[in-house]
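Given next are the chains, with one letter for each unit.
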Amino acid sequence: MFTPTSMFMAASPAANGGGTSAAPATTKKLSKPVIFATSGLGGVLGWCVVHPANTIAVRASLASMQGKTFNFSTMVKEQGLMSVYDGLSAGLMRQVFYASSRFGLFETFRDMLHEYRGKTDFASRVVVGAITGGIAAYISCPMEVAVVRMSNDSSLPEKERRNYKNVFDTAARIMREEGVATFWRGSNPFVTRAMMVGVFQVATLDQFKSMYASMLGQTKNSISNVFSAAMTSGLIYSIATMPLEASKNRMASQKPDAKTGKLPYTGMVQTLTKVAADEGVMGLYKGFLPYYLRCGGHTVSMFIIVQLLRDAIANQ
């Protein structure tokens, strides 16, 4: 049965950030396929909650590429409220690859390292979190490109729209029109961002849980405690990774220059420096609030769902 104490123990790379180990809520050992499947399903269901925030974040981040200032009211007026769900199919497909591989691989590698070293400490979680985050990001990069393009397509001028029908049409057209390598355009900032998220989650989440338990009198690992800690941890890593998110969005959505045929963004460092030079450093933080809501919201919703699923399976 689900208990607040269990929420992050078995499912999250940030679960046991301080100390050596903690017992999961479920005593029954779950098979690796179940671990991967519940991670992926939790990611998918959690993404349904935060996809609108991601769409807004992407559009706000990319608006300046068109010389515009993003306005939510204008977006709703011109495209309708349900446009916040543009690209949902690609977002869900991304979670199938990203969430299942990131958290499934984390638990697999963590357990392997524990068997080798005889312990699971803070440093090992940081290293494993970074490595598995990077691997998962690289695996799911094709779907990330699809998410960015589909989420932003309807906001483009009509003559510039790609008019993708769904995630499968998007994937087929990218492969046919631009080549397979396009699926990994923006992979460097995406992988780097994922590695940083893994590190920051592990490094900060448990510390904030302890701090709020002490300062606010919360029960550690209660729903309110985990929610508060996750949203604070999400704020820290959102600030740290937003420039990489902005860089990834621009690289994934760009088109070659009509005259020269060259892409405006050629690499992570070049993108970061070009945006900072053209728009100022704060240009890399456009769309920050919805990005933060996406990060913190997905962390909370995903791990609650994952633990509910695992408890249900273990108690059968």
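The coordinates are above.
Here the structure is a predicted model, which means the values were calculated and not measured.

## Quick notes on the pattern of salt bridges
Thought 1: This model, assessed by the stated rule, comprises 18 salt bridges.
Thought 2: Taking the shortest distance from any N to any O, the salt bridge between Lys32 and Asp111 comes out at 3.4 Å. Here Asp111 lies in helix α3 (residues 88-117) and Lys32 lies in helix α1 (residues 32-62), a separation of 79 residues in the sequence.
Thought 3: Among the ionic pairs, Glu144 bridges to Lys248, the shortest N-O distance being 2.3 Å. In this pair, Glu144 sits in helix α4 (residues 122-152) while Lys248 sits in helix α7 (residues 223-253), placing the two residues 104 residues apart along the sequence. Each member of the pair, Glu144 as well as Lys248, carries the same accessibility label: buried.
Thought 4: Here the salt bridges share partners, and the residues they tie into one network are Arg94, Glu144, Arg193, Glu245, Lys248 and Arg294.

## A look at empty space enclosed by the protein
With a probe scaled to a water molecule rolled over the atoms, the places where space remains empty come into view.
Thought 1: In this structure the tally under the stated criterion is three cavities of 30 Å³ or more.
Thought 2: Along the wall of the largest cavity there are 16 residues; nearest its centre are Tyr98, Arg102, Arg193, Tyr237 and His298.
Thought 3: At the level of secondary structure, the elements contributing two or more residues to the lining of the largest cavity comprise α3, α6 (187-216) and α9 (288-314).
Thought 4: With six residues, the single largest contributor to the lining of the largest cavity is α9.
Thought 5: Looking at the lining of the largest cavity residue by residue, the classes come out as eight nonpolar, four polar and four charged.
Thought 6: When its volume is computed, the second largest cavity comes out at roughly 40 Å³.
Thought 7: Breaking the lining of the second largest cavity down by element, the ones donating at least two residues are α3 and α4.
Thought 8: A breakdown of the residues in the lining of the second largest cavity according to their chemical character gives two nonpolar, three polar and three charged.

## Here's the deal with the packing of aromatic side chains
Thought 1: A complete count under the given rule lists six aromatic pairs for this structure.
Thought 2: Considering the side-chain rings of Phe183 and Trp184, the 6.4 Å spacing of their centres and the 90° angle between planes classify their relative orientation as edge-to-face.
Thought 3: An angle of 55° between the planes, with centres 6.2 Å apart, marks the rings of Tyr285 and Phe288 as tilted.
Thought 4: Taking the relative accessible area as the measure of exposure, Tyr285 reaches 21% and is therefore partly exposed.
Thought 5: A connected cluster of aromatic rings, assembled from ring pairs, spans Tyr138, Phe183 and Trp184.
Thought 6: Between Arg94 and the ring centre of Trp47, over which it is positioned, the NZ or CZ distance is 5.5 Å.
Thought 7: Across the ring face of Tyr98, the terminal group of Arg94 is positioned such that the distance to the ring centre comes to 4.7 Å.

About the criteria used
Residue indices begin from 1 for each chain and proceed along its sequence in written order. Residue-level local features of this predicted model are given only where pLDDT is at least 70; pairs of side-chain atoms are given and counted only at 80 or more, and the full residue set underlies all totals for whole chains, interfaces and linings. To obtain the side-chain values, all non-hydrogen atoms of the structure were included, while hydrogens and water were left out. Basic side-chain nitrogens of Lys or Arg form a salt bridge, by our definition, when they fall within 4 Å of a carboxyl oxygen of Asp or Glu. Only DSSP runs of H or I covering at least 4 residues are called helices, and only runs of E covering at least 2 are called strands; the numbering of each starts at the N terminus. Accessible area is worked out with a 1.4 Å probe on protein chains only. A residue is then buried under 20% of its type maximum, exposed over 50%, and partly exposed in between. Lining residues are those with an atom within 4 Å of a point, where the points come from a 1 Å grid over the protein atoms alone and group into cavities, where a 1.4 Å probe fits but cannot get out, or pockets, open sets with protein on both sides within 12 Å along at least five of seven lines. Grid points are joined across faces, edges and corners, and a volume is the space filled by probe spheres set on the points. In this classification, the charged set is Asp, Glu, Lys and Arg, the nonpolar set is Ala, Val, Leu, Ile, Met, Phe, Trp, Tyr, Cys and Pro, and all remaining amino acids, among them Gly, are polar. Side-chain rings of Phe, Tyr and Trp (the six-membered ring for Trp) are treated as a pair once their centres are within 6.5 Å; stacked means planes under 30 degrees apart, edge-to-face means over 60, and tilted covers the remaining angles. Whether a charge sits over a ring comes down to the Lys NZ or Arg CZ being within 6 Å of the ring centre and within 35 degrees of the ring normal.

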